[in-house]
Amino acid sequence: MTTHGIKWFWYASPQTFFPLAGTIARLCGSLSLVFLLAGLYVAFFVAPTDATQGEAYRIIFIHVPAAWMSMFLYVVMAFWAALGLAMNTRLSAMMARALAPTGALFTFIALWTGSLWGKPTWGTWWVWDARLTSELILLFLYFGFMALQASIDDRRRSDRAGALLALVGVVNVPIIYYSVQWWNTLHQGASVSFTRAPSMAATMFLGMILMALAFWMYSIAVALTRVRRLIVEDER
Amino acid sequence: MRRELLLALRRPSDVATALLFFVIVASLFPLGIGAEPERLRSIAPGVIWVAALLSAMLSLGRLFAADHADGTLEQMLLGAAPLGLIVAAKTAAHWLVSGLPLVLIAPLIAVQYDVAARLYGVLAVSLLLGTPVLSFIGAIGAALTLGLRGGGVLLSLLVLPLYVPVLILGAGAVAMADAGLAAGGQLELLGALLIMAAAFTPWATAAALRISSE
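Criteria and cut-off values
- Residues numbered from 1 in each chain as written.
- Chains lettered and ligands numbered in written order.
- Predicted model: local features only at pLDDT ≥ 70, side-chain atom pairs only at ≥ 80, totals over all residues.
- Helix = DSSP H or I, 4+ residues; strand = E, 2+ residues; numbered from the N terminus.
- Rg over C-alpha atoms; globule rule 2.2 N^0.38 Å.
- Buried ≥ 20, exposed ≤ 12 C-beta atoms within 10 Å, placed from the backbone.
- Axes fitted to C-alpha atoms, helices over the stretch in contact; angles between N-to-C directions.
- Parallel < 35°, antiparallel > 145°, perpendicular 65-115°, else oblique.
- Contact = placed C-beta atoms within 7 Å.
- Nonpolar A, V, L, I, M, F, W, Y, C, P; charged D, E, K, R; others polar.
- Core = buried A, V, L, I, M, F, W, Y, C linked by C-beta atoms within 7 Å.
- Expected span 1.5 Å × (residues − 1).
- pLDDT = per-residue confidence, 0-100.

Digging into the overall build of chain B
Looking only at helices and strands, one finds 9 helices and 0 strands in chain B. When the helices and strands of chain B are listed from N to C terminus, the series reads α-α-α-α-α-α-α-α-α. Against the compact-globule benchmark of 17 Å for 214 residues, chain B has a radius of gyration of 18 Å, which places it among compact chains. Taking the principal axes of the C-alpha coordinates as reference, chain B spans close to 55 × 35 × 30 Å.

Let's talk about the overall build of chain A
The helix and strand inventory of chain A stands at 6 helices and 0 strands. Seen in sequence order, chain A has helices and strands lined up from the N terminus as α-α-α-α-α-α. Out of the 236 residues belonging to chain A, those deemed buried represent 39%.

A few points about the packing of helix α7 (residues 120-144) of chain B against helix α8 (residues 151-178) of chain B
Packed helices, taken two at a time, are described by the angle between their axes plus the distance between the axes. All names here are of chain B. In contact at an axis separation of 9 Å, α7 and α8 are set at 170 degrees when each is read in the N-to-C sense. As the angle between them shows, α7 and α8 are arranged roughly antiparallel. Only Leu155, Leu158, Val159, Leu162, Tyr163, Val166, Gly170, Ala173, Val174 and Ala177 of α8 make contact with α7, whose side of the interface consists of Val122, Leu123, Ser126, Leu127, Gly130, Val133, Leu134, Ile137, Gly138, Gly141, Ala142 and Leu144. Its residues assigned to classes, the contact of α7 with α8 shows 17 nonpolar, 5 polar and no charged.

Notes on the interface of chain A and chain B
Taken together, the contacts link 22 residues of chain A with 21 residues of chain B. Those elements that place two or more of their residues in the side of chain A that touches chain B are α4 (130-151) and α5 (155-187) of chain A. Here the side of chain A that touches chain B takes 13 residues from α5 of chain A, the largest share from any one element. The residue makeup of the side of chain A that touches chain B, split by class, is 16 nonpolar, 4 polar and 2 charged.

Details of the nonpolar core
The tendency in soluble globular proteins is for nonpolar side chains to be buried side by side. Core analysis: the largest hydrophobic core is formed by 133 residues, its most contacted members being Met77, Ala96 and Leu164 of chain A together with Ile48 and Ala208 of chain B. Take this core: its biggest share by element is 17 residues, from α8 of chain B. Aside from chain neighbours lying at most four places away, what touches methionine 77 of chain A is Ala96, Leu99, Ala100, Gly103 and Ala166 of chain A.

Here's the deal with α7 of chain B
For α7 of chain B, spanning 25 residues, the distance from its first C-alpha to its last is 36 Å, which sits close to the expected 36 Å at 1.5 Å a residue. The buried fraction of α7 of chain B amounts to 20 of the 25 residues, a majority that puts the element mostly inside the structure.

Some words on the confidence of the model for chain B
Looking at chain B as a whole, its pLDDT mean stands at 82, while 94% of the residues score no less than 70. Mean pLDDT across the secondary structure elements of chain B bottoms out at helix α1 (residues 2-10) of chain B, with 66, and peaks at α7 of chain B, with 87.

With respect to the environment of serine 30 of chain A
Looking at the element boundaries, serine 30 of chain A is found in helix α1 (residues 14-46). The spatial distance from the C-alpha of serine 30 of chain A to the C-alpha of threonine 16 of chain A is 23 Å, given a sequence separation of 14 residues.

So, the confidence of the model for chain A
Residues and elements named next belong to chain A. The predicted model of chain A has a mean per-residue pLDDT of 79, with 86% of residues at 70 or higher. By mean pLDDT, α5 is the weakest element of chain A at 78, and helix α2 (residues 60-87) is the strongest at 86. The low-confidence segment residues 187-194 (pLDDT under 50) makes 4 contacts with residues lying over four places distant or belonging to another chain.

Examining the environment of methionine 95 of chain A
Residues and elements named next belong to chain A. For methionine 95, the position within the fold is in helix α3 (residues 90-122). On the basis of neighbour counts, which here come to 24 C-beta atoms within 10 Å, the residue methionine 95 falls in the buried class. Residues methionine 95 and threonine 113 lie 18 residues apart in sequence; the distance between their C-alpha atoms is 27 Å. With residues up to four places along the chain from it excluded, the contact list for methionine 95 reads Trp80, Ala223 and Val227.

Overview of the environment of glycine 138 of chain B
Residue and element names in this part refer to chain B. The topology assignment puts glycine 138 in helix α7. Glycine 138 gets classed as buried once you count the C-beta atoms within 10 Å, which come to 30. For the pair glycine 138 and serine 27, spaced 111 residues apart in the sequence, the C-alpha separation amounts to 24 Å. Every residue in contact with glycine 138, bar those within four places of it in the chain, is listed here: Ala56, Met57, Leu60 and Val159.

Below, the structure is given as structure tokens:
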């Protein structure tokens, strides 16, 4: 390849990627801390108390960004998995492998904080709402991905099998989401609605964005650290 | 495909086991929940569908295992016939021996659950459209977990989340008909799922088989 411009594949080799990943991981780790502190400050001291939900709503600052990340990370994971299958690059498969636990963690956090939020506002820990259910199924998909990769000893086979599963999963996610949504609207009325008041205070939004950025940076830092560990493991 | 059917028919006990499993699971619910006809009637579609899901999953492990063990699978991978087609034929045969009997025996369960007779048609059609989807999707999982330790449990972890739409649509169709509404929408969506699954999953399964037998 003698094209000009960026050498796309330069960092596709684990050897060259290793130091870069370390730098980015450290940078993103510190940025994550900064955003986290700023976000928490806004969340607890700046954002106004909600008129209807009182102080309990403040869990939104963790809940919503975690839910965003949980879904987004699955797509990112599938992207790396597809790249790994198509290009046969080891690093892509490592990225997919490294992202899965973080994605599962955020899915779990979203479910956990959601149920903590649900108790004071809806009076129940859990409802079979469409979003809750599809989030739960997403968690199962993450677990399936990790379990499959963990149970195959041969690294190459496990990478490729996991990648295929991630792709099948990502095709299914919208189908599952819509079917669950439809199921919910069929069986239970709008007893619980997720739609909040449309006018969200600007500071609330700011807090959420800050927390989302913090989670982003955290995901990048953790995933890259995990990739570094995988590279070292491979070299041994 | 004829070979697959022949092989399956030579071992009727395998077919019977999955079928018996379906019947037993469906019979356990009244024992656990209570036998009030009113309640049974309301849970019947869900129970029948969940039992069908579990039963279909149970028999998936055998889909490629025997061929993998005696080396036939490698011949298929090397052979001239497109692997996707072979997989599709194997999956279809799997459905004929595991899915179709469920469809046929489901009305019996429905009688046990005191389901109104007018719902039998919808139940049968929903199972007829839905169970092949289970076979097609499950084949991917069976191919991925081929030859792994603890493959059975892993298979369920991989496949069951993907079965959710089929369950919702299938049980939903019966519930809709029960409520006096038209179930056509759900059945059409199930049919759409079936067409998509039949068109795409054999290739995914073929790819998974290639990965698994490298």
